[in-house]
Amino acid sequence: MADSFLIRGGARLTGKVEISGSKNSALPILAACLLAEGKTTLKSVPRLSDIDSMVKLLGEMGCHVFRHEPTEARVGALPPLNGNLDIEVTDERVSEARYDIVKTMRASICVLGPLLAKRKRAVVSIPGGCAIGDRPVDLHVRGLQKLGAEFTTEGGNIVGTVRGRLKGCRMYLGGAMGPTVLGTINVMCAAALAEGETVLVGAACEPEVTDCANLLNKMGAKITGHGTPEIRIEGVDKLVGAEHRIIPDRIECGTFMMAAAITNGELELKHCNLDHLIAVQDRLDEVGVKIRRENGTIFVSSSRRLNPIEMTTQPFPGFPTDLQAQLMALLCLADGMSVITERIFPDRFLHVGELNRMGAKIRKEGPTAIVHGVKELQGAAVMCSDLRASAALVLAGLAAKGQTRLDRVYHIDRGYEKIEQKLMAVGADIERVAER
Ligand code: EPU
């Protein structure tokens, strides 16, 4: 049965929160393990349903995956969450990603590049529509074609084959909407085992791309330029298992920064990297939120006099689309009119209607939302539509007057490790109940 959250708003959040390893780094990194011989040990792998789906997919592709008991992120006195995971390919016969798994998790597409490079064949169900908009995979396919892979589509599947070995080349990887994060990782993974040099021009610069390149280099790859729009990959004959710690989840961290701000609170966020959130820090500064860093800890506090701002989502290092909804929830309570423009997924606004049910005044015009600040939000029954929209509704519920009932929280469980436990430990009044 699906779960719901009951949130009684108004509590000021104070205390420490341990940020988990990054979901969006861990997912493609798990897929990259298909490339290696021998065991890879990944540290700080968050416990999330999307990670479980990827582990299931890799299990079907002949990987042996072992989850160690969690040891890291702590929530008050509760058992730790984050943990280590060992992964080793033991059987290379199956190269198929079934629709049943792909439809629940689009990041399944990340197996395409590794399978083609290592097993010379891949059958991956084409990911369908998505709550945040059209999400084509044409750039992934084009990039891999340029390395020499051949593709057909059969019965809703992308069928890719490689004759001989992939061959490196110089290519432009950007699309109409700019660079692609998972597309860059897919092609980079395949190029790591290709013959000769590949240069990816217009590559994504997100920290998750850098994290994956760092792991591949530990496995024996020769990659330079990751973190910039031009990545160079000198192909090698084989990759071997390595040990790697996943970077902190910058989106979880940004969400908790906004939780401190919207509740007039004071949070100490442990195990995070503010360099990955520079645009978020810039926007929150202007809102009036106080942010201070000491080593890997971020201190966030707010007096809840929030200034209205303008914000446009952009590829890294710009403001991430994955924090657009959460910022919108915060700006609902600012003193004046804010303007939010979505440049990555122009239809990613399903939270607008739900926030308006809670008393917000938001008007959507194409890829822009105009947010008129209100004095207070009111608790209401609202529905999760996708991961980040749901996080925005949790934030709104924490600040709202009265009780908010949030249904379909399985969307949140995909990407936030035990969010209600972490929030409860810093004073939120939130409980998980069975959906009516
Ligand atoms: N695009 C194309 N063709 C492609 C690929 C992408 O046109 O072949 C377009 C997309 O439609 C979009 C833009 O390019 O307009 C950028 O999409 P991108 O490929 O970068 O997105 P992604 O790699 O599929 C990852 C994250 C998303 C995050 C985006 C943007 C993972 C598992 N997913 O998706 O995370 O929003 O990058 O930063 O890493 C989330 O965590 O909630 C989430 C949706």
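The present account deals with the structure reproduced in this document. It should be emphasised that the depicted structure is a prediction, and the values quoted were computed from it without experimental measurement.

**Considerations on the side chain of Ser-22**
So, step 1. Positionally, Ser-22 belongs in the loop between β2 (14–18) and α1 (23–32).
So, step 2. At a separation of 3.3 Å, a polar atom in the side chain of Ser-22 contacts the main-chain amide nitrogen of Asn-24.
So, step 3. Apart from residues no more than four positions distant in its own chain, Ser-22 is found in contact with Pro-46, Glu-208, Ile-246, Ile-247, Pro-248 and Asp-249.

**Digging into the sheet that holds strand β10 (residues 157–161)**
So, step 1. On the basis of which strands lie adjacent, the open sheet formed by four strands has the order β7-β8-β10-β9 and mixed pairing. Every interior strand has two partners, whereas the edge strands, β7 (96–97) and β9 (150–154), have only one.
So, step 2. Judged from the five bridges that link them, strand β8 (residues 121–125) and β10 form a sheet pairing that is antiparallel. Paired with Arg-121 across the bridge in β10 is Thr-161.
So, step 3. The strands touched by helix α4 (residues 112–119) within the sheet are β8, β9 and β10, with β8 carrying the most contacts at an inclination of about 160°.

**Topic: the side chain of Ser-302**
So, step 1. Take Ser-302: it is sitting in the loop between β19 (297–301) and β20 (310–312).
So, step 2. A polar contact of 3.3 Å, which involves the side chain of Ser-302, links it to the backbone oxygen of Ala-261.

**A word on the environment of Leu-333**
So, step 1. Following the sequence through the fold, Leu-333 ends up in the loop between α10 (324–331) and β21 (337–341).
So, step 2. Sequence separation of Leu-333 and Arg-408 is 75 residues, and the distance between their C-alpha atoms is 25 Å.

**What about the packing of helix α8 (residues 250–262) against α10?**
So, step 1. At a closest axis distance of 10 Å, the pairing of α8 and α10 adopts a crossing angle of 5°. Regarding the angle of α8 to α10, the classification is roughly parallel. Counting all contacts with α8, which are made through Ile-251, Thr-255, Met-258, Ala-261 and Ile-262, the residues of α10 involved are Gln-326, Leu-327, Ala-329 and Leu-330.
So, step 2. Considered class by class, the residues forming the contact of α8 with α10 number seven nonpolar, two polar and no charged.

**Quick notes on the layout of surface pockets**
So, step 1. Counted as a void, the second largest pocket has a volume near 210 Å³.
So, step 2. Forming the boundary of the second largest pocket are eleven residues, of which Arg-47, Leu-48, Ser-49, Asp-52 and Lys-418 lie nearest the centre.
So, step 3. Its residues assigned to classes, the lining of the second largest pocket comprises three nonpolar, one polar and seven charged.
So, step 4. Residue contributions to the lining of the second largest pocket reach at least three from each of two domains, namely domain 1 (3–19 + 248–434) and domain 2 (23–245).

**Remarks on the site of the ligand**
So, step 1. Around the ligand, the surrounding shell holds 23 residues, and the nearest of these are Asp-138, Leu-139, Thr-180, Asp-322 and Ile-344.
So, step 2. One of the backbone nitrogen or oxygen atoms of Val-181 is found 2.8 Å away from an oxygen atom of the ligand.
So, step 3. Across the complex, the protein chains shield 89% of the 830 Å² of accessible surface that the ligand would expose by itself.
So, step 4. Within the residue set of the shell around the ligand, elements represented by two or more residues are α1, α5 (138–146), α6 (181–192) and α12 (387–399).
So, step 5. Two domains share the shell around the ligand, each providing at least three of its residues, namely domain 1 (3–19 + 248–434) and domain 2 (23–245).

**Structural notes on the pattern of salt bridges**
So, step 1. Scanning the entire structure with this criterion turns up 32 salt bridges.
So, step 2. One salt bridge connects Glu-92 with Lys-118, and the closest N-O pair in it is separated by 2.9 Å. Here Glu-92 is found in the loop between β6 (83–89) and β7, whereas its partner Lys-118 is found in helix α4, with 26 residues between them in sequence.
So, step 3. With a closest N to O distance of 2.9 Å, Arg-293 and Asp-275 form a salt bridge. With a gap of 18 residues between them, Arg-293 in strand β18 (residues 290–294) and Asp-275 in the loop between β17 (266–270) and α9 (278–287) connect regions that are remote in the sequence.
So, step 4. A relative accessible area of 40% places Arg-293 in the partly exposed class.
So, step 5. Overall, the relative accessible area of 43% leaves Asp-275 in the partly exposed class.
So, step 6. Salt bridges here are not isolated pairs; linked through shared partners, they connect Asp-3, Asp-413, Glu-420 and Arg-432.

**So, the sheet that holds strand β1 (residues 3–8)**
So, step 1. Pairing is mixed in the open sheet, where four strands are placed in the order β24-β25-β1-β26. Unpaired on one side and paired on the other, β24 (381–383) and β26 (429–434) mark the two borders of the sheet. Put simply, the sheet's adjacent strands are angled 25° from each other on average, direction ignored.
So, step 2. Where β24 and strand β25 (residues 403–407) come together, three bridges link them in parallel fashion. Its bridge partner being in β25, Val-382 is matched across the sheet by Leu-406.

Cut-offs used in this document
Residues numbered from 1 in each chain as written. Predicted model: local features only at pLDDT ≥ 70, side-chain atom pairs only at ≥ 80, totals over all residues. Heavy atoms only, no water. Helix = DSSP H or I, 4+ residues; strand = E, 2+ residues; numbered from the N terminus. Polar contact = N/O pair within 3.5 Å; in protein donor to acceptor, adjacent residues only side chain to side chain. Contact = heavy atoms within 4.5 Å. Pairing = 2+ DSSP bridges. Axes fitted to C-alpha atoms, helices over the stretch in contact; angles between N-to-C directions. Parallel < 35°, antiparallel > 145°, perpendicular 65-115°, else oblique. Nonpolar A, V, L, I, M, F, W, Y, C, P; charged D, E, K, R; others polar. 1 Å grid on protein atoms, 1.4 Å probe; cavity = no way out; pocket = protein on both sides within 12 Å on 5 of 7 lines; lining within 4 Å. Points joined across faces, edges and corners; volume = space filled by probe spheres on them. Domains from an automatic or database assignment. Near = heavy atom within 4 Å. Areas by Shrake-Rupley, 256 points an atom, 1.4 Å probe, with all protein chains shown as cover. Salt bridge = Lys/Arg side-chain N within 4 Å of Asp/Glu carboxyl O. Buried < 20%, exposed > 50% of the residue type's maximum accessible area, 1.4 Å probe, protein only.

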